[in-house]
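As a plain string of letters, each chain reads:
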Amino acid sequence: MTDQGVVNTFWTDDEAQASGSHRPWKIWCSKKAVFVRFQILFKKLAGAIAKNWVTTFLFLLLPVIISVALGASGLVFISFESDIEKLYVPRNAPSLKDRKIIEELYADYGDNNTLQYQRTRLGPYGQVLVVPEESGNVLSFAILEDALRLHDYILNISIPVSGDSYTYQDLCMIWQNECHSNGILDAINYNASTIHVLNITYPYVNLPMKTFIGNELGGVTFYPNSDVIKEARALQLTYNLRYDTSEEEVLGKKWENEFLRRVEKFTSSSNASIFRRTSHTLEQELNKATSSIVTSFVITFTVLISFSITSCMTIDMLRTKTWLGGLGVISAGLAIMSSFGLMSLCGVPFINEVGSMPFLILGIGVDDMFIMIAAWRKTNVRAKAKGRLQTAFSEAATSITITSVTDVLAFCIGAITPFRSVQIFCIYTGVAVAFTYTYQITFFGACMYIDGLREQHHLNGIIPFLKMSGPSQIRPEQATVDERNETYEMNGGHKTQPAIVSGINARQQNNDDQAHHVEPMEEFTNHRAMMCFRDYVAPFLMKEQISTILMMLYTVYLVCAIFGIQKLETGLQLSNLLPDHSYAQQYYKLESTYFTKYGPVVMITINEEAQYWDKDIQMKIEETLKDLEGSQFYHDDDISISWLRDYLKFLDDIGIPNPNETEFKTNLKDKFLPLFQHYGPDIVFRARTNDIISTRSYVTFKDVDSSTLEEKAMSEARQIVGTREIAQIAYHPAFTFYDQYTVVVFNTVRNLLLAVVVMFLVTLLMMPNFKGAFFALFSILSILVGVIGYMAYWGVYLDTVSMVNLVLCVGFSVDYSAHMILAYFSAPRTIHALYTHGWPITQGAMSTILGIIVLAFSTSYIFRSFFKTMFLVISFGALHGLIILPLILKLFGGKVMNGCHHSP
């Protein structure tokens, strides 16, 4: 087929003449020019593949060589990243900027000579949670005895390093030259028998220093009209470690690992349950979940090869594409290997989310393979392999180009997010999609040509090199004119082929070196599934009554989706990063049950010099605290910690109620702080003077037990301090993770809007008709609304995991719609579009679901969430491609080709 023949595939004779097709420059200036250019380009590529045996094997072997080289190199240079903060905290999070300011102001104190609530980072730690059976009391003698025995057991944990041995006392965070203690153990003086004679108050217990134990005891009940504890349901003990130097960090991590191992072996004599966790629990457990994916991938690869081979088989041993089905999966596997290798060479680290990428890429690659095989089946069976490959490429390669470009662009858009985990996933997967596309039109194209030569030389499609003894095994009533002619000639006849080809002249029809499309409804395929779509599915869907019912159901789909969007929750709970069977899962559940009454202690830092002795300044500082304490998210002044409040009371007690500047500074530094040493790390003085550079006070979360409330509590604190005349910062180390809640919605909406616009422009550029781009836009928006809405019903949150899936949803939406729209425009009949592309779309959807189905059984929320979102994308995409879009095309396709309405 000449280039002009390719043009005529989408132009009628009259239209071509009207466009001046005898003058190529006029064609290139038309709307269809880009599409036609792609057809001609891929026809030439197919010609290059089939030029001779050298070029064929070059296209076949070069991708294999590249994949092996990149894969081997990747194993050498691969690096891993599992730091939770780096991956899941937004790159531009306000909390990171606030922390930097505070750490610079309080650099002389650091985090290792302070109280726990004064730390600017969570730091390394080990924690245990003691919970009695059923309705037991954790403050009973037996359980306290166990807790004290466990405490001594933990203190004696040692780690050998270079001949030395380190215990908790050697590594602990220090306050006044002693390790941090647990207040409740101090309260009973490390003697369980004292519980019978002590009245322990809550949340403060009166020790030599008033000590807060709200984060150590949970599920507390009181004696009537008292703050004395009657019983408690949970006891939490914390062991904080130093981390100022890299050596301390290494030692701390080793101690944490030994802590987990040893506490697991501890046996409770009171039958109380002991739970444990450390600062690295999330990272370690997330890595374990990812390591199990390797086995799942092997299973998926095997299942997909089996499915592809089976679905490409036919009863006709000559026309069957059995081996091509398996090679299509291998092509996707080569792309996965290449992308991993290239990313490793470029220094892009591997993260846990990337573990789901191979499953998705297998589905994408197999989907493309089905489209190309379907295009081959539509070519003239009497033509030579080279011509058939050129025709198949001019149609299918253009179609998968549109879908591949949109998928890659979707990942490029996803990569602009401030979340590093999302960026890395998008980079890996975007590169893998590009490799998949490249290998489909090179490696798999060469495989198609070789299989075409097999078919041309009448070799068996199952058993290699076995010569067929007779004609193609099909029933005469199934054959079209093309096939009957071929069967006749194989038996000695010489009947010529009378197939009618729109827009192709007689000289082109008689050229056996070229393949061409016969009149759409006269095409031959011996694949029963395609015939089923032509003879049963399409006519059924096009019935007026059925169309009406389906459109009503579609309306219900949209209404339910819109309601679902309003119920969608946001934010990635850190506990969701844990596998279901993780030892720490129960810890997080119990913590959310018993320890949300007194949550994070938020520091309110004044980061500018202020005249603290001035009554107006004192009033403004007090107003800020009062506004926070009056919020529903924070406890009142009984729980707050304010050096200024205590200092002003101290001045009243010593008879200086209205100090001047000198009296205020002198008494603060020389009299107050020596008595109230715990306030020392909260006041920064200028060197060699008494000028106060910065101070900080503290308020405490109240009953904040969900990601939504966490985000609201943080935002309210920032809003209150941000409107004051005195510059202030509201900060807690956990805010670094809460910041994801504030940006995930904005970034998702921005990326989705950008993706929709880009996809529309791409389809507008590459579709052969303006209407096609608008049909694709409709499909994208409809699928997107459905996926977001039904995520809420399925328990999927809008977080960093689902965010990238939603952007990918836009790219995938184009996949299914583009194939159907292009099929419709090639011969504007809806039944024909379903006939030629209904089965490939079904195969693609089934293969992609098979590719990710194993993730549904994962013990990790990340992989299950990925499966759920992608399942919705694929299911709704396939339903739109097979049902909704054909109905829309039937109703509104209208004058798309030659100015006349066509029947469905």
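Residues numbered from 1 in each chain as written. Predicted model: local features only at pLDDT ≥ 70, side-chain atom pairs only at ≥ 80, totals over all residues. Heavy atoms only, no water.

Q: Looking at this structure, I do not really get the overall build of the protein chain. What am I missing?
A: Helix and strand content of the protein chain: 32 helices and 16 strands. Of all 904 residues assigned to the protein chain, the portion counted as buried reaches 59%. Expressed as a percentage of contacts within the protein chain between residues at least 6 apart in sequence, the contacts between residues at least 24 apart total 78%. Per element, the accessible surface of the protein chain, about 36,700 Å² overall, is 59% carbon and sulfur. (Helix = DSSP H or I, 4+ residues; strand = E, 2+ residues; numbered from the N terminus. Buried < 20%, exposed > 50% of the residue type's maximum accessible area, 1.4 Å probe, protein only. Contact = heavy atoms within 4.5 Å. Areas by Shrake-Rupley, 256 points an atom, 1.4 Å probe, with all protein chains shown as cover.)

Q: When you look at the pattern of salt bridges in this model, what are you seeing that I'm missing?
A: Oppositely charged side chains are able to pair whenever their charged atoms sit close together. In total, this model carries 23 salt bridges according to the counting rule given. Close ionic contact of glutamate 455 with arginine 319 constitutes a salt bridge, the shortest N to O distance being 2.6 Å. Of this pair, glutamate 455 sits in helix 18 (residues 443-456) while arginine 319 sits in the loop between helix 13 (293-312) and helix 14 (322-345); the two residues are 136 residues apart in sequence, bridging distant segments of the chain. Each member of the pair, glutamate 455 as well as arginine 319, is classed as buried. A salt bridge links arginine 724 to aspartate 627; the shortest N-O distance between them is 2.3 Å. Linking arginine 724 in the loop between helix 27 (707-722) and strand 16 (728-731) with aspartate 627 in helix 24 (residues 615-629), this pair joins segments that are 97 residues apart in sequence. A network of salt bridges, in which partner residues are shared, links Arg319, Lys321, Arg388, Asp451, Arg454 and Glu455. (Salt bridge = Lys/Arg side-chain N within 4 Å of Asp/Glu carboxyl O.)

Q: What exactly am I supposed to notice about the state of the cysteines here?
A: Linking two cysteines covalently through their sulfur atoms gives a disulfide. Here the structure, examined in full by the defined rule, presents one disulfide. The partner cysteine of cysteine 172 in its disulfide is cysteine 179, sulfur to sulfur 1.8 Å. Where cysteine 172 bonds to cysteine 179 through sulfur, the torsion about that S-S bond is close to -75 degrees, and the disulfide is left-handed. With relative accessibility at 1%, the residue cysteine 172 sits in the buried group. Relative accessible area serves as the criterion here: at 25%, cysteine 179 is assigned to the partly exposed category. Left without a disulfide partner, cysteine 426 is nearest to the cysteine sulfur of cysteine 412, which lies 8.8 Å away. For cysteine 426, a relative accessible area of 2% puts it in the buried group. (Disulfide = S-S within 2.5 Å.)

Q: When you look at the nonpolar core in this model, what are you seeing that I'm missing?
A: Side chains that are nonpolar tend, in soluble globular proteins, to be buried together. Leu217, Trp255, Phe393, Phe664 and Leu668 are the most contacted members of the largest nonpolar core, which has 236 residues in total. By residue number, the principal contributor to this core is helix 30 (residues 800-826), which donates 18 residues. The contacts of tryptophan 255, once residues within four sequence positions are left out, are Gly126, Ile154, Ile157, Ile159, Thr167, Tyr168, Leu171, Tyr239 and Leu241. Counting residues in each nonpolar core, the second largest holds 19 residues, with Phe701, Met714, Ala717 and Tyr741 among its members. (Core = buried A, V, L, I, M, F, W, Y, C linked by side-chain atoms within 4.5 Å.)

Q: Looking at this structure, I do not really get the packing of helix 13 against helix 14. What am I missing?
A: Think of two packed helices as two axes; the pair is described by the angle between the axes and how far apart they sit. As a packed pair, helix 13 and helix 14 sit with axes 6 Å apart at the nearest point and diverge in direction by 145 degrees. For the pair helix 13 and helix 14, the crossing hand works out as right-handed. Contact residues: helix 13 offers Phe297, Phe301, Leu304, Ile305, Ser308, Ile309 and Cys312, while helix 14 offers Thr322, Gly325, Gly326, Val329, Ile330, Gly333 and Ile336. Looking at the contact of helix 13 with helix 14, its residues break down into nine nonpolar, five polar and no charged. (Axes fitted to C-alpha atoms, helices over the stretch in contact; angles between N-to-C directions. Left-handed = near helix turned anticlockwise from the far one by under 90°. Nonpolar A, V, L, I, M, F, W, Y, C, P; charged D, E, K, R; others polar.)

Q: Before we go on, may I ask you to explain a nonpolar patch on the surface in this structure?
A: A surface patch of nonpolar side chains, about 430 Å² in accessible area, is lined by Trp53, Phe57, Leu61 and Ile65. Along the chain, phenylalanine 57 falls in helix 5 (residues 53-77). Residue class for phenylalanine 57 comes out partly exposed when judged on its relative accessible area of 36%. (Patch = residues over 30% accessible without salt bridge, like charges linked within 9 Å, V, L, I, M, F, W, Y side chains within 5 Å.)

Q: Looking at this model, I keep getting lost on the environment of asparagine 257. Mind explaining?
A: Within the secondary structure, asparagine 257 sits in helix 11 (residues 246-265). Since its relative accessible area comes to 37%, asparagine 257 is described here as partly exposed. Between the C-alpha atom of asparagine 257 and that of arginine 277, which follows or precedes it by 20 residues, the distance is 9.8 Å. For asparagine 257, the side chain forms a polar contact with the side chain of glutamine 284, separated by 2.8 Å. (Polar contact = N/O pair within 3.5 Å; in protein donor to acceptor, adjacent residues only side chain to side chain.)

Q: What is the right way to look at unusual backbone geometry in this model?
A: A negative phi holds for most residues other than glycine; trans holds for most peptide bonds. Note that the residue after tyrosine 202, namely proline 203, is joined by a cis bond; omega there is 10 degrees. The phi dihedral of glutamine 176 is positive, around 55 degrees, even though this residue is not glycine. With respect to the secondary-structure elements, glutamine 176 resides in the loop between strand 4 (174-175) and strand 5 (178-179). The class for glutamine 176 is partly exposed, based on a relative accessible area of 40%. A positive phi angle, near 65 degrees, is found at asparagine 271, a position not held by glycine. With respect to the helices and strands, the residue asparagine 271 is situated in the loop between helix 11 and strand 12 (273-278).

Q: Teacher, can you tell me more about the confidence of the model for the protein chain here?
A: Interpretation of this model should avoid reading the predicted coordinates in detail wherever pLDDT is low. The predicted model of the protein chain has a mean per-residue pLDDT of 81, with 87% of residues at 70 or higher. The secondary-structure element of the protein chain with the lowest mean pLDDT is helix 20 (residues 506-509), recorded at 34, while strand 16 shows the highest, at 95. Within the model, pLDDT remains below 50 along residues 472-526, and this stretch shows 125 contacts once partners closer than five positions in the same chain are excluded. In this model residues 895-904 is a low-confidence stretch, pLDDT under 50, and it forms 24 contacts with partners more than four residues away in sequence or in other chains. (pLDDT = per-residue confidence, 0-100.)

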